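Now for the letters of each chain:
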Amino acid sequence: MITYFTFGISISFISWIVGMIINSVLVKTKYYKKISNLNFIKSKSLNRHIGIDYFKWIVKNSFFKFFNQKIKLNNNKSDLTEIRKEMTMAEISHLIGFLFVTCFALYKSITHNFLFGLIIMIVNIFMNLYPTLLQQENKRRIDLILTRLKTGQSQKLDVK
């Protein structure tokens, strides 16, 4: 069982690299604009119920906070458009990674046993799907701020 969990973590880390490579190719296509505005869960309450707030806390208060420094708000003069672009890159890379590991988990479920694939998928959800959902939530917040800035409403940055 520990071996399955360790393997799930390893393949999820590998999927991050696979996601970044495929995303760097995909960003140059005309389809990237279509997939850059994905929004799987629009409801704040559903996000809260599935634990995105807890996941956000873990990311902010663990070694994960050092992974992508480009999506960090440093002050009120941060370029929100650029941060949103970096969030989109991270979101789609994690989504590609999620799909990659899902295929791998299905393969392991069939060729080895169901428990192996299930454990890989559980790790995959926390290491790829939740980061995707968190980036989508953060992009919605940035979009709201950008809309308010465009319409001239005064807005303080709600940096969480």
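Residues numbered from 1 in each chain as written. Predicted model: local features only at pLDDT ≥ 70, side-chain atom pairs only at ≥ 80, totals over all residues. Heavy atoms only, no water.

Caption draft 1: How the structure looks around the overall build of the protein chain. When its secondary structure is counted, the protein chain shows 6 helices and 0 strands. Along its sequence from the N terminus, the protein chain presents helices and strands in the succession α-α-α-α-α-α. Across its three principal axes, the protein chain shows a C-alpha extent of roughly 60 × 35 × 30 Å. Long-range pairs, those at least 24 residues apart, make up 79% of the contacts in the protein chain between residues at least 6 apart in sequence. (Helix = DSSP H or I, 4+ residues; strand = E, 2+ residues; numbered from the N terminus. Contact = heavy atoms within 4.5 Å.)

Caption draft 2: Structural view of the nonpolar core. In terms of nonpolar packing, the biggest core is built from 6 residues, these being Ile 41, Ile 52, Phe 55, Tyr 130, Leu 133 and Leu 134. Mapped onto this core, the elements with two or more residues apiece are helix H4 (52-60) and helix H6 (114-150). No other element matches H6, which puts 3 residues into this core. The contact partners of Leu 133, leaving out residues within four places of it in the chain, are Phe 40, Ile 41, Ile 50 and Ile 52. (Core = buried A, V, L, I, M, F, W, Y, C linked by side-chain atoms within 4.5 Å. Buried < 20%, exposed > 50% of the residue type's maximum accessible area, 1.4 Å probe, protein only.)

Caption draft 3: Structural context of a nonpolar patch on the surface. There is a patch of nonpolar side chains on the surface, built from Met 1, Phe 114, Leu 115, Leu 118, Ile 122 and Phe 126 and spanning about 630 Å² of accessible area. Turning to its location among the elements, Ile 122 is positioned in helix H6. (Patch = residues over 30% accessible without salt bridge, like charges linked within 9 Å, V, L, I, M, F, W, Y side chains within 5 Å. Areas by Shrake-Rupley, 256 points an atom, 1.4 Å probe, with all protein chains shown as cover. Salt bridge = Lys/Arg side-chain N within 4 Å of Asp/Glu carboxyl O.)

Caption draft 4: Structural view of the pattern of salt bridges. Counted under the stated rule, the structure contains 4 salt bridges. The shortest N-O distance in the salt bridge between Glu 82 and Lys 85 comes to 4.0 Å. With Glu 82 and Lys 85 both in helix H5 (residues 80-111) and 3 residues apart, the pair spans about one turn of that helix. With a relative accessible area of 47%, Lys 85 lands in the partly exposed category. For Glu 91, the salt bridge goes to Lys 139, with nearest N and O atoms at 2.4 Å. Of the two residues, Glu 91 is situated in helix H5 and Lys 139 in helix H6; the sequence distance between them amounts to 48 residues. For the pair shown, Glu 91 and Lys 139 are each scored as buried.

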